[in-house]
Amino acid sequence: MANNCVIGLQWGDEGKGKIVDALASAHDIVVRYCGGANAGHSVTVGPERFALHLIPSGILFEQVLCVIGTGVALDLEVLTAEIDALQARGVKVDQNLKISDRAHLVLPYHKLEDELAEQSSSGPTKLGTTKRGIGPCYSDRASRRMGIRFGQVYQPDSFREKLGQIVEQKNKIFQALYANQGLDADQIFQSVQKLAQRLRPHVVDSTALLNDALEQGRSILFEGAQGCLLDLDHGTYPYVTSSNCSALGAPAGAGVSFRALDNVIGVLKAYCTRVGEGPFPSELHDSTAEYIRERGHEYGTTTGRPRRCGWFDAVAGRYACRINAVDSLAIMLLDVLSGLDEINIVTAYRYKGRQLESFPADSEVLAQVEPVCETLPGWAEEIDHCRSISELPANAQKYLARIEQLLSRPVKIVSVGPDREATIYI
Ligand code: IMP
């Protein structure tokens, strides 16, 4: 099996969890390489629904080794709660889970900082984050003075000293900016030590592990989190997350060469959604948005926030396909569009009277573009029972064919319902 990368091509929540679940058992290893507990990957197995935040979706297959890579913002509290919840439901989480000693820790002051900064922001500085401490954790990583890698907690003396200095500084900032009294370093230390002891059997040098695996010809599935349009550098900055969550971040976040990625599968919803602030050219504010939100259960897996909904955006899709060198497409939630008389696809953007040649870098420009839409006829039938393309209504087939044409990539997977079985493989 080739080394595959599953990547969201929109603003996250595309349904990557289901695709990773579908492909995981054909790989030896599944690795998460970016983001943290801001992610929420849903997998439905029979009557059971699993929402995974940090653990790779491959965990549902005992024989697959799951790795939380170097690039992940690691929240030990969320991770242990997730392990407990999976084990309570009979899922094996043992030596099949490895955690990078280089992953940076999300600590309580990161979550407090995220929360306070969001609360006190408005207008252009408000991002609508998940408040999981992701931005502050990655900022501290880049600052170097303030970052703490997982491996460091196993050197308790130096960890305690560094933590003390960091918390002292953070508390000064909390006090000065937000009149907040801050946190207690001892309490954080005790709690991290407890969690770290428990997680010790899982800690590895994941860079060595993954490179050894590649040399031995074992196959890896790179599990993207969030989506290309939330990538720190290539997304709709500043309304993005703080990691390179496109496929470009996979080599760095996993610690392997870019040559390790044989094949990139781009995952897109049959429409678009976005949570949080930021430009969204194909956004709808009418009853169709409501229709999509209710049929698609478009509420955040992590935060429960209602998602903004809109038409499929082929301009953004084409951009994301290029950035990620996408080989094939997985189109998710096609069933949600059943019952609409007409379906629009955004095929171009106009800005100040002229058509843009490429996806704009500037979010202010993107917020002002006028979407140019193409209208296709919808279909009335429910399609969740369809298991081949030919079983789909003719207009649904035409819709998929038009997406293929606009994105110049073949559609290889179509999801018509949340269940594992509700999937068409082409
Ligand atoms: P942060 O990653 O919590 O800092 O949030 C930054 C932006 O990314 C916000 O608009 C979030 O709603 C969005 N975001 C972060 N993670 C996800 C995700 O897994 N799915 C969808 N949106 C996300």
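Scroll up a little and you will see the structure.
The model shown is predicted, which means the values in this text are computed figures rather than measured ones.

The helix and strand inventory of the protein stands at twelve helices and 20 strands. Along the first, second and third principal axes, the C-alpha set of the protein runs to 65 × 50 × 40 Å. Within the protein, the fraction of its 426 residues that count as buried is 57%. Considering only intrachain contacts with a sequence separation of at least 6, the fraction spanning at least 24 residues in the protein is 76%. When the accessible surface of the protein is totalled, it reaches about 17,500 Å², and 49% of it is carbon and sulfur. Charge-centre separation for the protein: the mean point of 43 positive side chains lies 4 Å from the mean point of 52 negative side chains.

What follows is about the site of the ligand. The immediate surroundings of the ligand are formed by 15 residues, with Asp13, Asn38, Thr130, Thr241 and Arg305 found nearest. A distance of 3.0 Å is found between a nitrogen atom of the ligand and a side-chain nitrogen or oxygen belonging to Asp13. Here an oxygen atom of the ligand sits 3.5 Å away from a polar atom, N or O, in the main chain of Gly128. Protein burial of the ligand: of its 470 Å² of free accessible surface, 97% is covered by the chains.

Let us now look at the pairing of strand β4 (residues 48–52). In the sheet, strand β3 (residues 41–45) pairs with β4 via five bridges, with the strands oriented antiparallel. Paired with Thr44 across the strands is Arg49, a residue of β4. In sequence, β3 turns back onto β4 through a hairpin of two residues, with Gly46 there showing a positive phi of about 55°.

This next bit is on empty space enclosed by the protein. Where empty space is left can be seen by rolling a probe of water-molecule size over the atoms. Following the criterion strictly, the structure yields one cavity of 30 Å³ or more and no others. Of the voids in this model, the largest cavity is the one considered here, and its volume is about 80 Å³. Lining the largest cavity we find 13 residues, and of these Leu76, Glu77, Val106, Leu107 and Val192 sit closest to its centre. Elements supplying a minimum of two residues to the lining of the largest cavity: α2 (76–88), α3 (108–120) and α6 (185–199). Among the elements that line the lining of the largest cavity, the one with the most residues is α6, at four residues. Within the lining of the largest cavity, the residues separate by chemical class into nine nonpolar, one polar and three charged.

Each value, and the rule that gives it
Residues numbered from 1 in each chain as written. Predicted model: local features only at pLDDT ≥ 70, side-chain atom pairs only at ≥ 80, totals over all residues. Heavy atoms only, no water. Helix = DSSP H or I, 4+ residues; strand = E, 2+ residues; numbered from the N terminus. Buried < 20%, exposed > 50% of the residue type's maximum accessible area, 1.4 Å probe, protein only. Contact = heavy atoms within 4.5 Å. Areas by Shrake-Rupley, 256 points an atom, 1.4 Å probe, with all protein chains shown as cover. Lys, Arg positive; Asp, Glu negative; His and termini not counted. Charge placed at Lys NZ, Arg CZ, Asp CG, Glu CD. Near = heavy atom within 4 Å. Polar contact = N/O pair within 3.5 Å; in protein donor to acceptor, adjacent residues only side chain to side chain. Pairing = 2+ DSSP bridges. 1 Å grid on protein atoms, 1.4 Å probe; cavity = no way out; pocket = protein on both sides within 12 Å on 5 of 7 lines; lining within 4 Å. Points joined across faces, edges and corners; volume = space filled by probe spheres on them. Nonpolar A, V, L, I, M, F, W, Y, C, P; charged D, E, K, R; others polar.

Just geometry here; none of it tells us what the structure is for.
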